[in-house]
Amino acid sequence: MRRGRHAALSAMISHHGPTLIASLGVALYLFPIYWILISGFKTQAEVFSDPPTFIPRAPTLDAFRFVIQHENVLRYLRNSIMIAVPVTLITVTLSAMGAYAMSRLRTRLVDAALVAVLLLQVFPEALLATPVFLIFKAVGLVNTVTAVVLATSTRSLAFALVILRPMFRQVPLELEEASRVDGCTQLQTFLRIVLPLMRVPLLVVGAITFAQAYGQFVYPLTLLSSQELQPGTVGIFGFIGAEVADWHRVMAFSSMFVIPILVLFLLLQNKIVSGITAGALK
């Protein structure tokens, strides 16, 4: 009887083992987000309670009311979106054109350019912040959203080019040749034939770019001196004092900041997964 039970248990573990491991990994990955969300509903005393509570004893919205009324969290969210949206549009537009051109120019010069782009990605933003600040100061763009958008776009554009170029190379040349026979120009072929086939990869790049730009911290902190223009990342940083931090309010602020990204990826999860899978298979 015991041998039968052990055999059944072993069979179940071997059959469901990968699923259990994957579920555990997802749970560990999502736990910090869960902790942020529930901590916003706690009081300051309960945040530091020992042992910690995984479900608030008496949920309250006081922390959320405070950050909305006194910390102007909605302004910070608006500023983050004002940075993320133009960065996404610039990156997707320019990377689509650039990756298409680089996919059709099969020369060593293009390969060398891609290697240079990848090497530039190694440098951290904190290292580039000072020269970027000096450049934008010289042209009079310091303390403007335009400076942050341009600085962020340069890094996201490089990433998008590397991701999209191999995907554009999968588009059959025969389709373009057929469109040329029908009288389409190079631009018309790109807009009417190639881009519709690249909807999902461009959506994936756009979603990732939006998330990265939305969470940008170094360039806004360096280039924006006006609090009216600063995004949510800088707002959270400034909310934490040197000696005192109201962590339940910090968590409420963080919850309101992270929810738009969670909603975006939940709405687009099927397309994002299919796009990443398609790129991996190709």
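Residues numbered from 1 in each chain as written. Predicted model: local features only at pLDDT ≥ 70, side-chain atom pairs only at ≥ 80, totals over all residues. Heavy atoms only, no water.

(A) Local environment of the packing of aromatic side chains. This model, assessed by the stated rule, comprises 11 aromatic pairs. Summarising the aromatic geometry, the rings of Y100 and F168 are spaced 6.0 Å apart at their centres and angled 65° between planes, so their arrangement reads as edge-to-face. Here F168 lies in helix α7 (residues 145-168) and Y100 lies in helix α4 (residues 73-104), a separation of 68 residues in the sequence. For F168, a relative accessible area of 0% translates into the label buried. Three or more aromatic residues joined by ring pairs form one cluster here, namely F31, Y34, W35 and F54. (Phe/Tyr/Trp six-rings, centres within 6.5 Å; stacked < 30°, edge-to-face > 60°. Helix = DSSP H or I, 4+ residues; strand = E, 2+ residues; numbered from the N terminus. Buried < 20%, exposed > 50% of the residue type's maximum accessible area, 1.4 Å probe, protein only.)

(B) Structural context of the environment of Q230. The topology assignment puts Q230 in the loop between α11 (218-223) and α12 (232-239). Its relative accessible area of 13% is what places Q230 among the buried residues. Separated by 13 residues in the primary sequence, Q230 and F217 place their C-alpha atoms 9.5 Å from one another. Once you skip the residues sitting within four places of it in the chain, Q230 turns out to touch Y76, N79, L224 and S225. (Contact = heavy atoms within 4.5 Å.)

(C) Spatial organisation of the confidence of the model for the protein. Within the protein, residue pLDDT values average 82, and 88% of them lie at 70 or more. No element of the protein has a lower mean pLDDT than helix α1 (residues 2-39), at 70, and none a higher one than α11, at 92. (pLDDT = per-residue confidence, 0-100.)

(D) Representation of the packing of helix α5 (residues 108-120) against α7. Packing of α5 against α7 brings their axes to within 10 Å, and their N-to-C directions diverge by 135°. The pairing of α5 with α7 is recorded here as oblique in orientation. Handedness of the crossing formed by α5 with α7: left-handed. Counted together, V110, D111, L114, V117, L118 and L120 of α5 and R155, A158, V162 and R165 of α7 form the full contact between these two elements. Split into classes, the residues belonging to the contact of α5 with α7 amount to seven nonpolar, no polar and three charged. (Axes fitted to C-alpha atoms, helices over the stretch in contact; angles between N-to-C directions. Parallel < 35°, antiparallel > 145°, perpendicular 65-115°, else oblique. Left-handed = near helix turned anticlockwise from the far one by under 90°. Nonpolar A, V, L, I, M, F, W, Y, C, P; charged D, E, K, R; others polar.)

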